[in-house]
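Tertiary structure, described
The lines below spell out each chain.
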Amino acid sequence: MATKISNAAMFGLSPENMSSHEHLPLGLDSSFLNTSTIIALCVFFALLCACITIGHLLEENRWANESITALLLGLCAGGVVLLVRKGESSHLLKFSEDLFFLYLLPPIIFNAGFQVKKKRFFKNFSTILLFGIFGTVISFCIISLGVFWIFRKIGVKSLSLKDHLAIGAIMSATDSVCTLQVLSQDETPFLYSIGFGEGVVNDATSIVLFNSVQTLDFHNIDGLTVLKLIGTFLYLLFTSTALGIAVGLLSAFIIKTLYFGRHSTDREFALMILMAYLSYLLAELLNLSGILTVFFCGIVMSHYTWHNVTESSRITTKHAFATMSFIAETFIFLYVGMDALDIDKWRESKASAGTSAAVSSTLFALVLVGRAAFVFPIANILNCVQKRERSKIHFKQQFIMWWAGLMRGAVTIALSYNQFASYTRKSPEAALMITSTIIVVLFSTIVFGSVTKPLIEAVLLRHRKPMVSDFTDNVSLEDLRVLLLESGDSSNSNNNQTARRAGSLRLLISHPTTTVHYFWRKFDDRFMRPMFGGRGFVPFVPSTPTGAADESSSA
């Protein structure tokens, strides 16, 4: 019976609605499998197949993407279920936080780190951190203050200070999945890189802020409360990143040392996927940010572990991780669409249409203001620092960055449930927060998601200049070798050495990203790759990769 309740709870099924005398074919007893659970699985798997088919047919449509298709299909399926049940809410539609955070989110974030274009990502790393961390904190502060000030005027007065801060963290989380689907890596590589990196860091930062708010005691607020919040945030940020890197390096060391590739592709793939998932679970067990941990674990695995396995394992892992991520993304939007029509939440809020519209409009207006408050100022500050015209973020790009980041998704809904679902029956205003969050997610995803592609085409691509290689933007590595080479000619005079050091300092100031990348490559080639493996550092063994085939892939 415990198994039945557990399976049902995963899909939001309520034990009281399950029949205790339902039997399945082939002699399977209902104590192990329940008909309601099988029905839920059949519905979702059928919808997944339909969504994949429709998404393929609409692949070239600039007004639609797979996220919007899955969301609308989920809404239609939820409407059909309500009609079949004659207006009664089906617990099939209940949103499960455990299903989302433990089973659906990890493969998406890991694949994002595993498939990331590392060179472009780290080239824009400082910009990504500014938007993803400082930008999210600015948005968090503005939304929290706005909610605290405006909600009381609307009539929502029962929320505590912790609730207001939690709403700020909830509404600061962008939908990175939908953002990446409306941006093209080929047509807008810079925006894609910034949007991708910011989306992952933003989600992690929002969850870290949310967890930090939960740990603070707001009954005794003093001058140290803000410092404690900042300290908790920084602790979770750095420890989560360090844990992901450590697990990724451990997986690379194990595979390189034991060399599973000589025996079994299955073992290599199994070890990679299990250790990646283990990193996420360890982070959650230690109350860290699982998103940051599994994301950096994916980056490290793609840089070291992936090059230590056989060719067949490389092909298998690359496509398997991408497929799991794709299915999880589609499942999430179907889940959100169906959950939006769970009529019980709307009844529990006991709010009029005017109040619900006012709260939802307030939240979305604060999202607009909160994002504009950091996108445009940070971009212009970066423009003042950058001397090269190619590296500057022009106003049209700033506008697209602001627009594309307005979409909210499953992370927002999951955090909203975490904060308010436990006492919705005690507080109608808590249920109102959940329904308003759902409205914001549906409106932002459908409206902004459908308009973003045509907007990019109209604003950026109509007069697009020919694409230029990344290497033309940077000082050449040969110049770096000349200026930064430690093992210079010992016969050089002191004046020449002084001039070289001065040139090195100027280069570091004028081209910090390129210079840091050069030093990292030297350190990586000298210490990291000999120990943990990687491209060109795996000894040749029959049926194992030689590294020669990877010269085309960037580190």
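Up top is the structure these notes are about.
Below is a summary of the structure that appears in this document. (Residues numbered from 1 in each chain as written. Predicted model: local features only at pLDDT ≥ 70, side-chain atom pairs only at ≥ 80, totals over all residues. Heavy atoms only, no water.)

1. Description of the overall build of the chain
Put simply, the rule reads: Each helix is a run of DSSP H or I of at least 4 residues and each strand a run of E of at least 2, with the numbering of both proceeding from the N terminus. Residue burial is assigned from relative accessible area. The probe radius is 1.4 Å, only protein chains are included, and a residue is buried under 20% of its type maximum, exposed over 50%, and partly exposed in between. In this analysis, two residues are considered to be in contact whenever any of their non-hydrogen atoms come within 4.5 Å of each other. The protein chains shown are the only cover counted for residues, whose accessible areas, like all others here, come from Shrake-Rupley with a 1.4 Å probe.
A tally of regular secondary structure across the chain gives 21 helices and zero strands. Counting every position in the chain, which comprises 555 residues, the buried fraction comes to 51%. The long-range share in the chain, meaning contacts at least 24 apart out of those at least 6 apart in sequence, stands at 82%. Summing over all exposed atoms, the chain offers an accessible surface of approximately 26,200 Å²; the carbon and sulfur share of this is 65%.

2. A word on unusual backbone geometry
One non-glycine residue, Asn287, lies in positive phi territory at about 60°. Note on placement: Asn287 falls in the loop between α11 (265-285) and α12 (290-303).

3. Some points on helix α17 (residues 410-420)
The buried fraction of α17 is high, at ten of eleven residues. The set of residues buried in α17 consists of Ala410, Val411, Thr412, Ile413, Ala414, Leu415, Ser416, Tyr417, Gln419 and Phe420.

4. Some remarks on a nonpolar patch on the surface
Using the following cut-off: Every patch collects residues that have over 30% relative accessible area and no salt bridge, joining them within 9 Å if they carry like charges and within 5 Å if they are nonpolar side chains (Val, Leu, Ile, Met, Phe, Trp, Tyr). Counted as salt bridges are all cases of a side-chain nitrogen of Lys or Arg within 4 Å of a carboxyl oxygen of Asp or Glu.
On the surface, Leu224, Val226, Leu227, Ile230, Leu234 and Phe238 cluster together to form a nonpolar patch covering roughly 590 Å² of accessible area. Assignment of secondary structure puts Leu227 in helix α10 (residues 224-258). Leu227 gets classed as exposed once you look at its relative accessible area, which sits at 54%.

5. Observations regarding the packing of aromatic side chains
The test is simple: Aromatic pairs are defined between Phe, Tyr and Trp rings, using the six-membered ring for Trp, whenever the two ring centres lie within 6.5 Å; interplanar angles under 30 degrees are classed as stacked, those over 60 as edge-to-face, and all others as tilted.
Under the counting rule described, the total for this entry stands at 29 aromatic pairs. When the centroid spacing of 5.6 Å and the interplanar angle of 45° are considered together, the rings of Phe399 and Trp402 count as tilted. Of this pair, Phe399 and Trp402 are both found in helix α16 (residues 395-404), three residues apart, which corresponds to roughly one turn of the helix. Judged by relative accessible area, Trp402 falls into the buried class, the value being 14%. Members of the aromatic cluster, each reached through a chain of ring pairs, are Phe364, Phe376, Phe395, Phe399, Trp402, Trp403, Phe443 and Phe448.

6. Observations regarding the side chain of Asp203
The condition that has to hold: When charges are counted, Lys and Arg are positive and Asp and Glu negative, with His and the chain ends excluded.
Mapped onto the elements, Asp203 comes out in helix α9 (residues 189-215). Buried charge Asp203 goes without a salt bridge, the closest partner of opposite sign being Arg408 at 7.9 Å. Apart from the residues within four sequence positions on either side, Asp203 is in contact with Ala173, Thr174, Ser176, Ile291 and Val411.

7. Re the nonpolar core
Looking at soluble globular proteins, one finds that nonpolar side chains tend to be buried together. Put simply, the test is: Definition used in this section: a nonpolar core is a set of buried Ala, Val, Leu, Ile, Met, Phe, Trp, Tyr and Cys residues joined via side-chain atoms within 4.5 Å.
Counting residues in each nonpolar core, the largest one holds 124 residues, and the members touching the most others are Phe100, Phe131, Phe151, Ile167, Phe295 and Met433. Looking at this core, the element that brings in the most residues is α9, giving 13 residues. In this view, Phe100 contacts Phe95, Leu105, Pro106, Ile332, Ala410, Val411 and Ala414; residues no more than four positions away in its chain are not counted. Core analysis: the second largest hydrophobic core is formed by six residues, Leu249, Ala252, Tyr304 and Phe532 among them.

8. Notes on the packing of helix α4 (residues 97-115) against α12
Rule in force here: Fitting a line to C-alpha atoms yields each axis, with helices limited to the stretch in contact; the angle taken between N-to-C directions then spans 0 to 180 degrees. Orientation is classified from the angle alone, with under 35 degrees giving roughly parallel, over 145 giving roughly antiparallel, 65 to 115 giving roughly perpendicular, and any other angle giving oblique. Two helices cross in a left-handed way if the nearer one is turned anticlockwise from the farther one by less than a right angle. They cross in a right-handed way if the turn is clockwise. All residues other than Ala, Val, Leu, Ile, Met, Phe, Trp, Tyr, Cys, Pro, Asp, Glu, Lys and Arg, Gly among them, are scored as polar; the first ten of these are nonpolar and the last four charged.
In the contact formed by α4 and α12, the axes pass within 7 Å of each other and the chain directions differ by 40°. When the axes of α4 and α12 are compared, the pair comes out oblique. Crossing geometry of α4 relative to α12 is assigned as right-handed. Every residue of α12 that contacts α4 at Leu105, Pro106, Ile109, Phe110, Ala112, Gly113 and Phe114 is listed here: Ile291, Val294, Phe295, Cys297, Gly298, Ile299, Met301 and Ser302. Partitioning the contact of α4 with α12 into residue classes produces twelve nonpolar, three polar and no charged.

9. A short note on the packing of helix α2 (residues 35-57) against helix α3 (residues 66-84)
When two helices pack together, their arrangement is captured by the angle between the axes and the distance separating the axes. It is at 10 Å that the axes of α2 and α3 come closest, and there the two elements cross at 140°. When the axes of α2 and α3 are compared, the pair comes out oblique. Remark: the crossing between α2 and α3 carries right-handed chirality. Here Leu47, Ala50, Cys51, Ile54 and Gly55 of α2 lie close against α3, whose contacting residues are Glu66, Thr69, Ala70, Leu73 and Ala77.

10. What about the environment of Ile245?
Looking at the element boundaries, Ile245 is found in helix α10. Residues Ile245 and Phe295, spaced 50 residues apart in sequence, show a C-alpha to C-alpha distance of 9.2 Å.

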